Amino acid sequence: MRLLHTSDWHLGRTFHRVSLLAEQEAFLDHLVAVARAERVDAVLVAGDVYDRAVPPLAAVRLFDEALHRLAALDVPTVMISGNHDSPHRLGVGGRLLARAGIHLRTRPEECGTPAQLHDAHGPVAVYGLPYLEPTLTREPLGAEAPRHAAVLRAAMDRVRADLATRPAGTRAVVLAHAFVTGGQPSDSERDITVGGVAAVPVATFDGAHYTALGHLHGCQTLTERVRYSGSPLPYSFSEAGHRKSLWLVDLDAAGAVHAERVDVPLGRPLARLRGRLDDLLSDPELAAHEGAFVEATLTDPIRPEEPMARLTARFPHAVSLLFEPERAPGQAVDSYARRLDGRTDEQVAEDFVTHVRAGQGPDGAERAALRAALTAARVGQERGE
């Protein structure tokens, strides 16, 4: 069986307030073309179809058109909701869409109910594990704790229990939206650490012949059977070095995996430039970046006048301007962005309390209140409130 694995479309997302709708439309054209040319048996979309719970109308229309085109090819599509999606909105009409070969999995109770596909070698059961917010899904799944690893273990227990009832030789494919240990994040994924430790051991997915992951935006191979496809477009400058692609996965009769990457045509490239403003404006070697989205970090000791206006005269698609003045040797640089780098929402909130109290951090009860407030905000977002 030939599978096309993709994820993290983030339809409706902008790049530093610049619309990416045309680039997203071009990607979906490419996706349909690859599905047709490679004669794939199914398309797997591992979450974050939209960029937010209530997507703009143009993004909904783009999604609708993509589903119609895939259905017209008679290519089944299995799709899960991610942490950016509203599972309730994305799942509307799911049973009706299944008749057209579009299998939506947005409810935790459906984790053990596969889309059933077949090829010349027999059945393939495709299980969809949507993003499982621990606080909301612990009870429906019967997990022992409101933690990411616990709810995913409970979901995979349902998968393995269902698979045990299937005919011998049934191959199992799992879609999941999670942060799995060994994956490398970028700046554009939304933090999912509130509600417990985010990282999930790769062994959680033991028993599946192939696991199609979503959430992290870089294409990655954790094991031969567990992979991230990554996002089809770069959504932050931290992805400037990413090679954007799809996974074309072949499962043989015994469930062995052969996977190859299919490149996604690059839209406008990204460039991260650093130096004094006058040097950036005059360096002939930077001519190759004049058509790119540009993030410029200026190192001038004194902030130049009208730096963005001057920068865009040469780089019309400059969208981000940072300042890191040159300093004397040994002089520390402690920018706000650097202080936040790698810190969770909970740690940032605790740091703020410590700052406003002139060094006195929150006590145990206050930490619990902060954790509860952040979890409530995340749960409300998950519900689309």
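Before reading further, recall that the structure is shown in the block above.
The structure presented is a predicted model; accordingly, all values stated were derived computationally and were not measured.

(A) Highlighting the pattern of salt bridges. Under the counting rule described, the total for this entry stands at 20 salt bridges. Across the salt bridge formed by R13 and D51, the nearest N and O atoms sit 3.4 Å from each other. Residue R13 is located in the loop between strand 1 (2-6) and strand 2 (14-15), and its partner D51 is located in the loop between strand 4 (42-46) and helix 2 (57-72); the two are separated by 38 residues in the primary sequence. What makes R13 buried here is its relative accessible area of 14%. For the salt bridge of E326 with R276, the shortest nitrogen-to-oxygen distance reads 2.5 Å. In this pair, E326 is assigned in the loop between strand 17 (318-323) and helix 9 (336-340) and R276 in the loop between strand 15 (270-275) and helix 7 (277-282), connecting sequence segments 50 residues apart. Salt bridges sharing common partners tie together R2, E38 and D250.

(B) Broad picture of the pairing of strand 7 (residues 115-119). Here strand 7 shows a clear split, with A115, L117 and D119 buried on one side and none of Q116 and H118 buried on the other. Bridging between strand 7 and strand 8 (residues 122-129) involves five bridges; their strand directions are antiparallel. Residue pairing in the sheet places Q116 in a bridge with A125 of strand 8. Once strand 7 ends, the chain turns through two residues before running back antiparallel as strand 8.

(C) View of helix 2. Spanning 16 residues, helix 2 covers 23 Å between terminal C-alpha atoms, matching the ideal 22 Å at 1.5 Å per step. Within the sequence span of helix 2, burial applies to A59, L62, F63, A66, L67 and L70. Seen from one end, helix 2 has its buried residues packed into an arc of 135 degrees, which puts them on one side. Residues L57, R61, H68 and A72 are exposed on helix 2 and point more than 90 degrees away from its buried face. Summarising the contacts, the buried residues of helix 2 are in contact with helix 1 (21-37), strand 4, strand 5 (77-80), helix 3 (87-90) and strand 6 (102-105). Count one or two residues on from helix 2 and you reach D74, which has phi positive near 60 degrees.

(D) Structural context of the pairing of strand 15. Relative to strand 16 (residues 293-298), strand 15 runs parallel, the two being bridged by six bridges. Looking across to strand 16, one finds that A271 is bridged to V294. Chirality of the crossover, the property in question, places the unit of strand 15, helix 7 and strand 16 among those that are right-handed.

(E) Just the sheet that holds strand 12 (residues 226-228), in detail. The six strands are arranged 7-8-9-10-12-11 in an open sheet whose pairing can be described as mixed. Two strands bound the open sheet, and with one partner strand each, they are strand 7 and strand 11 (220-223). Taken over all neighbouring pairs, the strand axes of this sheet differ in orientation by 20 degrees on average, direction set aside. Sheet contacts for helix 6 (residues 148-163): strand 8 and strand 9 (171-177); angle to strand 8, the most-contacted strand, approximately 160 degrees.

How each quantity is defined
Starting from 1, residues in each chain are numbered consecutively following that chain's sequence as written. Local features are withheld for residues below a pLDDT of 70 in this predicted model, meaning they are given only at 70 or higher, and side-chain atom pairs are given and counted only at 80 or more; totals for whole chains, interfaces and linings count all residues. Only hydrogens and water are set aside; all other atoms, that is, all heavy atoms of the structure, feed into the side-chain values. Any carboxyl oxygen of Asp or Glu within 4 Å of a side-chain nitrogen of Lys or Arg constitutes a salt bridge here. A run of H or I in DSSP becomes a helix once it reaches four residues, and a run of E becomes a strand once it reaches two; helices and strands are each numbered from the N terminus. Only protein chains enter the calculation, and the probe is 1.4 Å; a residue is then buried if its accessible area is under 20% of its type maximum, exposed if over 50%, and partly exposed in between. Between any two strands, pairing holds if DSSP finds at least two bridges. Given the number of residues in a helix, its expected span is that number minus one, multiplied by 1.5 Å. For this quantity, the arc is that covered by the directions from the helix axis to the C-beta atoms. Pairs of residues are marked as contacts when any of their non-hydrogen atoms sit within 4.5 Å. A right-handed crossover is one whose linking path, passing over the helix from the first strand to the second, runs clockwise when the strands point away from the viewer. Axes here refer to lines fitted to C-alpha atoms; in helices the fit is confined to the stretch in contact. Angles between the N-to-C directions go from 0 to 180 degrees.

What is shown is where atoms sit, not what they do.
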